[in-house]
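# Survey of secondary and tertiary structure
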Amino acid sequence: MKVLALDISTKTGWCIFQDVLLTKYGLIKNPKKVGEYGKYPWSYLNACSAMGQQLLKLATEEEPDAIVIEETNGCSKSRYTQKVLEFLHCCLLDRLAVYMTDTPVYYINSSEWRKTLGLVLSKEDKKNNKKLKVAKKLSEATGKKLNRVELGIRGITNKKHVAVRYVNETYGLNFRIKDNDICDAICLGTAYIKGCSVCDGK
């Protein structure tokens with residue numbers, strides 16, 4: 001079974017699984033910012049349409065047996081970020097409904113794929129984050145510059161770091177945090193292969 005997994009945004013991470021093997025992965029992004037695609041609100045429609053076309057091209061070239069997409073989360077802090085995200089999903093689904101009618105599409109909540117893969121902050125991550133928080137407060141109070149190396153602490157570790165770490169350890173890759181969109185897609189596809197629950201729209 002061939003699976004295409006997509007972490008859709010203005011920088012869409014994607015990957016292909018052939019049965020349980022990760023065979024391809026990458027990142028698709030528009031060459032311009034959303035605001036450069038014309039006057040608002042048409043800029044949103046035009047930018048999302050362009051991304052939808054690129055994703056359709058990927059899907060038709062790969063001919064997967066199933067397409068797995070990360071479900072959108074609750075409202076973003078920015079209504080315009082949320083708007084473009086929802087437009088992107090609509091543009092892709094609109095094209096899939098015309099050109100790939102026989103290919104099933106499944107949505108999976110990010111909380112579900114993370115739970116399936118056991119992706120949580122480790123005790124060491126939590127300890128480091130706590131030390132960093134205390135050090136930052138002390139730095140602000142004293143006016144002394146924070147030196148993480150001297151204090152033996154690293155930057156904050158969040159969910160994206162955990163996903164990148166999981167992908168690197170599981171697949172022997174060497175992704176960095178800037179590659180988190182690709183890593184999220186790989187995690188999504190992995191969780192689907194492992195039988196992760198899919199959304200039913202409720």
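Residues numbered from 1 in each chain as written. Predicted model: local features only at pLDDT ≥ 70, side-chain atom pairs only at ≥ 80, totals over all residues. Heavy atoms only, no water.

## A short note on the sheet that holds strand β2 (residues 11-18)
Read across the sheet, five strands follow the order β3-β2-β1-β4-β5 without closing on themselves; strand pairing throughout is mixed. Both outer strands of the open sheet, β3 (21-29) and β5 (105-108), are each paired with one neighbouring strand and no more. Pairwise comparison of adjacent strand axes, ignoring direction, gives a mean angle of 20° for this sheet. Across four bridges, strand β1 (residues 2-7) lies against strand β4 (residues 66-70) in parallel orientation. Among the inter-strand pairings, Val3 is bridged to a residue of β4, identified as Ala66. (Pairing = 2+ DSSP bridges. Helix = DSSP H or I, 4+ residues; strand = E, 2+ residues; numbered from the N terminus. Axes fitted to C-alpha atoms, helices over the stretch in contact; angles between N-to-C directions.)

## Some remarks on the nonpolar core
Core analysis: the largest hydrophobic core is formed by 24 residues, its most contacted members being Trp113, Leu119 and Cys187. Here this core takes seven residues from helix α7 (residues 180-193), the largest share from any one element. If near-sequence neighbours (up to four positions away) are discounted, Cys187 is found in contact with Trp113, Leu117, Leu119, Ala163, Tyr166 and Val167. Listed in part, the 22 residues of the second largest apolar core include Leu6, Ile28, Leu58 and Ile69. (Core = buried A, V, L, I, M, F, W, Y, C linked by side-chain atoms within 4.5 Å. Buried < 20%, exposed > 50% of the residue type's maximum accessible area, 1.4 Å probe, protein only. Contact = heavy atoms within 4.5 Å.)

It is worth stressing that arrangement in space is one thing and function is another; only the former is reported here.
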